[in-house]
Amino acid sequence: MTAVNGELAERLRGPVQTVLAARVDVLRGSLPVFPAARYEWWRSLDADQARRAALLDRLEALHAHLDGLPALGYDAADPLPAAALEAAEGTGDVELDRLIAAYRAAAQASAA
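The structure displayed is predicted, hence computed values, not measured ones.

**Student:** Looking at this model, I keep getting lost on helix α3 (residues 47–66). Mind explaining?
**Tutor:** One turn of an α-helix holds 3.6 residues; hence residues three or four places apart share an orientation. Along its 20 residues, α3 runs 29 Å from first to last C-alpha, staying within 8% of the 28 Å computed at 1.5 Å per residue. Its side-chain oxygen placed 3.2 Å from the backbone nitrogen of D48, D46 serves as the N-cap of α3. Positive phi appears at G68, one or two residues downstream of α3, with a value of about 100°.

**Student:** Would you explain helix α5 (residues 94–111) in this entry?
**Tutor:** Counted at 1.5 Å a residue, the expected span for α5 with its 18 residues is 26 Å, and the 26 Å between its end C-alpha atoms agrees. Of the positions making up α5, those classed as buried are L96, L99, I100, Y103 and A106. Within α5, the buried residues cover an arc of 130° as seen down the axis, which keeps them to one side. Among the exposed residues of α5, those oriented more than 90 degrees off its buried face are V94, Q108 and A109.

**Student:** Got a minute to help me understand the nonpolar core in this structure?
**Tutor:** Taken as a class, soluble globular proteins show a tendency for nonpolar side chains to be buried jointly. In terms of nonpolar packing, the biggest core is built from 27 residues, with L12, V16, L20, L80, L85, L96 and Y103 touching the most fellow members. At the level of secondary structure, the elements contributing two or more residues to this core comprise α1 (3–29), α3, α4 (82–88) and α5. Looking at which element gives the most residues to this core, the answer is α1, with eight residues. For L85, the contacting residues outside a window of four places in its chain are L12, V16, L80, I100, Y103 and R104.

**Student:** Would you mind showing me how to read the side chain of R13 here?
**Tutor:** Within the element layout of this structure, R13 appears in helix α1. The class for R13 is buried, based on a relative accessible area of 19%. Excluding its chain neighbours within four sequence positions, the residues that come into contact with R13 are L66, P79 and L80.

What counts, and at which threshold
- Residues numbered from 1 in each chain as written.
- Predicted model: local features only at pLDDT ≥ 70, side-chain atom pairs only at ≥ 80, totals over all residues.
- Heavy atoms only, no water.
- Helix = DSSP H or I, 4+ residues; strand = E, 2+ residues; numbered from the N terminus.
- Expected span 1.5 Å × (residues − 1).
- Polar contact = N/O pair within 3.5 Å; in protein donor to acceptor, adjacent residues only side chain to side chain.
- Buried < 20%, exposed > 50% of the residue type's maximum accessible area, 1.4 Å probe, protein only.
- Arc of directions from axis to C-beta.
- Core = buried A, V, L, I, M, F, W, Y, C linked by side-chain atoms within 4.5 Å.
- Contact = heavy atoms within 4.5 Å.

In short, shape yes, function no, at least from these values alone.
Encoded structure:
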């Protein structure tokens, strides 16, 4: 990763984590209370709830990855997986979207 990418990654980490945390909170609030018996909880969900629960798991894993706890399926050395950037886009925060576009452009340029 170049110095530009590293600087952009540092500038993006906090705002992306904030967006992911907000989405996690909304999803968590839209699902039944999570009991100790996770398997039974999953079985009790209807199809829409199960879809939201799977998205919740994915967003929580990405949030933790940005916090330094690598998520399964993502390179531990990748400070901002593409999935985290995709999940943070389109919130109406023009500055965040601009930073994400700049990060992607810098990453593409350094890969070429």
